[in-house]
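Chain residues, written in single-letter form:
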Amino acid sequence: MSELHYKLDLLKAMNQKLTEKERMYRMVCDSAEGAFLYYSFDKSKLTALGQWREYFSFEIAELSDLQKILDAVEDEGSESQLREVLYLEKKGEEHAVTECFLKERHLWLQFRTRVYYDHSGRPTDKVIYITNVTKQRHKDEELLYMAYYDSLTGLYNRNYFVQLLSEYIRKASETNSIVSVMNIDIDEFNKVNDGLGIVMGDELVQQFGMLLKDLCQENVIACHLHRDVYCIAIYDPAGTRTAEHIYKAIKARTKQPFLLSNGSDVQITVSVGVAEYPEAARSALELINYAELVVFRVKAMGRNGFQYFNAPILDDFLNSVEVENRLRQAVTNRDFELYYQPQYYTGNMRLRGVEALIRWHSSEGEVLSPDTFIPVAEKNGSIVPIGKWVVEESVRQYSVWRQQFGFPFIMSINISALQYKKDDFVDFLLNILNKYQVKPFEIELEITESVLIDDFAAVSEKLKLLRGYGIRISLDDFGTGFSSLSYLKKLPIDTLKIDKSFIDTVLTDSSTRVITESILNMVKALGFESIAEGVEQEQQYKYLHSIGCDVLQGYLFSKPLPAADLEKMIVGSLE
Ligand code: C2E
Ligand code: MG
Ligand code: MG
């Protein structure tokens, strides 16, 4: 009896321990992230634990119920893998893992199986641990996407594009074919970005990207390089000049405006440069860079165009890089000098003023003309310190001369768009005038139409402000830019300089004469003063005099001279 009691007590205690253990296991399973399937080989029974209900709506009890799991996952080869993982029981294969997509709940699940064996190698138990890996999976997919694609446009990103382009080049080297790389840049994209905001700018970049995507086909790939710049690579074994066809297609499509979500219609043009393997370069990066260089050229020629790479473009670029490096040095060393070219009233040939023209004494002892370095200085911003020096030096020189000669005249100073745009420009100029005690009307600023292009309204306002102080404004190189006579009347200027290119042919070409005369009539009607630039011949002078041009400047009277030489010339003419 006591033995029976003892055994019963023991059993009770054991049961209690077991239920305690089972409770513990259940709690552990329930609090775990995933679901568990436990299978006992002896009992042929399956038990679901943990978060089973989160993933599956059916019950599971028999081994055959595993089929229900197989039915629930997307079958793209993953089903057979899952079958192996679920039915795993071969000796030596204790672990197996796979991931499958659960159709109904749109989840990615990971199945991880572990089989337990007895000492004779017979399987006894199996646990399948199921976890939700959807987040991880999306992150991986996103990372994978980011590794190859540009998130804004859905086109290839630069890195992957370079890889694919290198592959095209490899193929082309084996087949003796051409690979064309097109660099495509949206013209005046800044206007959209600044005018409509970055979000609309992005929308345009995206829509244009879609356009390029539509043009891709076998052997044609596109990428978004940065901002408003794209690249297309074409493997062209048949040599069919596909780049030109693509350009035509882009032109046709961009005739229609792009409709943005804020309701604006944006009409664009593009500048396209093409560099081809093997002629231009042999590596992917070089081809991309060279195509970009061509785009700079297309932009400089007035945008909205298509051009192939050629050697002079590269030479110009290398030259400008060298100039740029030397220019930095020159700014610190102050290796500049001002030359002065006199301007005379046509009627009495009295001195009207002088134009200050910069020269650069390079370390090699040459005197460099501004055409070789002013465009580079404008591009890299060093025109701002250079321009400040020009203003101060010319005003200082003028104050000395006026004292010395005993009469006032006009000092004309060339001002670049970038200088002019600086907020402190007006204050700086007034300070300098004050410092050297020079009157505002003794100074003339020469601006070109490029100053006006970006923002006509803002520039006009600034010109009015300057003229309000009495500073004279002259429009330089008239006739070379977009020169519309209609905008002239809106411009607050005093003087208009007719470009040398008109004077060059005024004697030989009757249509130039017609234009020059109508410009002069217009100038008179608007009350401006006219100056002819680049007068080299007596006959030109006579003709210009006869049609009423007010002032003449040119080699016929004097080349631009160093200050000391000009001084001698003027002092000589006074004697
Ligand atoms: P620009 O302002 O139109 O200056 C007139 C240019 O024509 C000068 O060239 C002058 O030397 C040249 N020239 C004058 N008369 C004749 C002529 O009869 N025959 C020929 N063949 N040429 C003549 P330069 O000095 O080489 O200057 C070129 C351009 O560089 C200037 O054109 C101006 O736009 C720019 N520049 C010169 N100095 C400065 C400066 O200090 N600052 C800025 N921003 N630009 C400057
Ligand atoms: Mg000038
Ligand atoms: Mg000029």
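Cut-offs and rules
- Residues numbered from 1 in each chain as written.
- Chains lettered and ligands numbered in written order.
- Predicted model: local features only at pLDDT ≥ 70, side-chain atom pairs only at ≥ 80, totals over all residues.
- Heavy atoms only, no water.
- Helix = DSSP H or I, 4+ residues; strand = E, 2+ residues; numbered from the N terminus.
- Rg over C-alpha atoms; globule rule 2.2 N^0.38 Å.
- Buried < 20%, exposed > 50% of the residue type's maximum accessible area, 1.4 Å probe, protein only.
- Salt bridge = Lys/Arg side-chain N within 4 Å of Asp/Glu carboxyl O.
- Donors = N, O, S within 2.8 Å, 3.2 Å for Na, K, Ca; no water.
- Expected span 1.5 Å × (residues − 1).
- Phe/Tyr/Trp six-rings, centres within 6.5 Å; stacked < 30°, edge-to-face > 60°.
- Lys NZ or Arg CZ within 6 Å of the ring centre and 35° of its normal.
- Near = heavy atom within 4 Å.
- Polar contact = N/O pair within 3.5 Å; in protein donor to acceptor, adjacent residues only side chain to side chain.
- Areas by Shrake-Rupley, 256 points an atom, 1.4 Å probe, with all protein chains shown as cover.
- Pairing = 2+ DSSP bridges.
- Axes fitted to C-alpha atoms, helices over the stretch in contact; angles between N-to-C directions.
- Contact = heavy atoms within 4.5 Å.
- Parallel < 35°, antiparallel > 145°, perpendicular 65-115°, else oblique.
- Left-handed = near helix turned anticlockwise from the far one by under 90°.
- Nonpolar A, V, L, I, M, F, W, Y, C, P; charged D, E, K, R; others polar.
- Domains from an automatic or database assignment.

(A) Molecular detail of the overall build of the chain. Within the chain one finds 22 helices and 22 strands. A compact globule built from 575 residues should have a C-alpha radius of gyration of about 25 Å, whereas the chain, at 40 Å, is more than 25% larger. For the chain, the C-alpha atoms occupy an extent of roughly 150 × 60 × 50 Å along the three principal directions. The burial tally for the chain puts 46% of its 575 residues in the buried class.

(B) Representation of the pattern of salt bridges in the model. Applying the stated criterion across every chain, the model contains 31 salt bridges. Between arginine 122 and aspartate 118 there is a salt bridge, and its shortest N-O distance comes to 3.4 Å. Residue class for arginine 122 comes out partly exposed when judged on its relative accessible area of 40%. A salt bridge links lysine 500 to aspartate 504; the shortest N-O distance between them is 3.2 Å. In this pair, lysine 500 and aspartate 504 both sit in helix α19 (residues 500–505), 4 residues apart, roughly one turn of the helix. Residue classification places lysine 500 among the partly exposed positions, given a relative accessible area of 33%. Each of Arg352, Glu444, Arg472 and Glu529 takes part in one network of salt bridges that share partners.

(C) Just the coordination of the magnesium ion (ligand 3), in detail. Taken together, Asp476 (OD), Asp477 (OD), Glu533 (OE) and Glu533 (OE) make up the full set of protein donors to the magnesium ion (ligand 3), lying 1.9 to 2.4 Å away. When the donor residues of the magnesium ion (ligand 3) are listed from N- to C-terminus, their spacing reads D-D-x55-E. Between the two metals, the magnesium ion (ligand 3) and the magnesium ion (ligand 2), the spacing is 4.1 Å, and aspartate 476 donates to both. On the accessibility criterion, aspartate 477 (24% relative accessible area) is partly exposed.

(D) Representation of helix α10 (residues 284–300). Here α10 spans 25 Å end to end across 17 residues, near enough to the 24 Å set by a 1.5 Å rise per residue. Turning to α10, its buried residues are Ala284, Leu287, Ile288, Tyr290, Ala291, Leu293, Val294, Val295 and Val298. Of the residues flanking the end of α10, it is glycine 302, one or two places downstream, whose phi is positive at about 110 degrees.

(E) Region of interest: the coordination of the magnesium ion (ligand 2). For the magnesium ion (ligand 2), every protein donor is listed as Glu355 (OE), Asn414 (OD1), Glu446 (OE) and Asp476 (OD), and the spread of their distances is 2.0 to 2.3 Å. The sequence motif formed by the donor residues of the magnesium ion (ligand 2) is E-x58-N-x31-E-x29-D.

(F) Region of interest: the packing of aromatic side chains. Evaluation of the coordinates by the stated rule reveals 30 aromatic pairs. Ring geometry for tyrosine 156 versus tyrosine 160: centroids 5.2 Å apart, planes at 70 degrees, classification edge-to-face. What makes tyrosine 156 partly exposed here is its relative accessible area of 22%. Measuring from ring centre to ring centre gives 4.9 Å for tyrosine 340 and tryptophan 401, while their planes differ by 75 degrees; the resulting arrangement is edge-to-face. With tyrosine 340 in strand β13 (residues 336–345) and tryptophan 401 in helix α13 (residues 383–405), the pair connects residues that are 61 residues apart, well separated along the chain. Taken individually, tyrosine 340 and tryptophan 401 each receive the classification buried, so the pair is uniform in this respect. Ring pairing ties together the aromatic residues Tyr340, Tyr398, Trp401, Phe405, Phe407 and Phe409, which thus form one cluster. The ring of tryptophan 108 is capped by arginine 137, whose NZ or CZ atom sits 3.7 Å from the centre of that ring. Stacked on the ring of phenylalanine 258, the Lys or Arg arginine 253 has its end atom at 4.5 Å from the ring centre.

(G) Structural view of the site of ligand 1. Residues in contact with ligand 1 amount to 22 residues; listed here are only the nearest, Arg359, Ser416, Asp476, Glu536 and Tyr555. In the environment of ligand 1, a nitrogen atom lies 3.1 Å from a nitrogen or oxygen atom belonging to the backbone of isoleucine 358. In the complex, the protein chains occlude 85% of the 790 Å² of accessible area that ligand 1 would expose alone. Elements with a minimum of two residues in the shell around ligand 1: β14 (351–361), α12 (370–380) and β18 (472–478). The element contributing the most residues to the shell around ligand 1 is β14, with 4 residues.

(H) Spotlight on the sheet that holds strand β4 (residues 107–117). Spatially, the 5 strands line up as an open sheet ordered β2-β1-β5-β4-β3, and their pairing is antiparallel. In this open sheet, the two strands that pair with only one neighbour each are β2 (45–50) and β3 (95–102). Ignoring which end each strand starts from, the neighbouring axes of this sheet average 20 degrees apart. In the packing of helix α4 (residues 78–86) onto the sheet, the strands contacted are β3, β4 and β5 (123–132), and the crossing angle to β3 comes to about 140 degrees.

(I) Region of the structure containing the sheet that holds strand β11 (residues 270–277). The sheet built from 5 strands is open, its strands ordered β7-β8-β6-β11-β12 with mixed pairing. A strand with exactly one partner marks an edge of an open sheet, and here the two such strands are β7 (220–226) and β12 (306–308). With strand direction ignored, the average angle separating the axes of adjacent strands in the sheet is 20 degrees. Bridging between strand β6 (residues 178–186) and β11 involves 8 bridges; their strand directions are antiparallel. Each residue of the ladder has a partner; that of isoleucine 184, found in β11, is valine 272. Along the sheet face, α10 touches β6, β7, β8 (229–236), β11 and β12 and points at about 145 degrees away from the line of β11.

(J) Quick look at the packing of helix α8 (residues 198–215) against helix α9 (residues 242–253). In contact at an axis separation of 11 Å, α8 and α9 are set at 140 degrees when each is read in the N-to-C sense. Classed by the angle they form, the pair α8 and α9 counts as oblique. Read as a crossing pair, α8 and α9 show a hand that is right-handed. For the pair α8 and α9, the contacting residues are Phe208, Leu211, Leu212 and Leu215 in the first and Ile246, Ala249, Ile250 and Arg253 in the second. Classifying every residue of the contact of α8 with α9 gives 7 nonpolar, no polar and 1 charged.

(K) Structural detail: the domain arrangement of the chain. On domain assignment, one finds that the chain holds domain 1 (32–138), domain 2 (149–309) and domain 3 (319–574). Computed from C-alpha coordinates alone, the two centres of domain 2 and domain 3 are separated by 40 Å.

(L) Region of the structure containing the side chain of glutamate 529. Inspection of the secondary structure assignment puts glutamate 529 in strand β20 (residues 529–532). Not counting residues up to four positions away in its chain, the partners in contact with glutamate 529 are Tyr345, Arg352, Arg472, Asp494, Thr495, Leu496, Val523, Asp550 and Val551.

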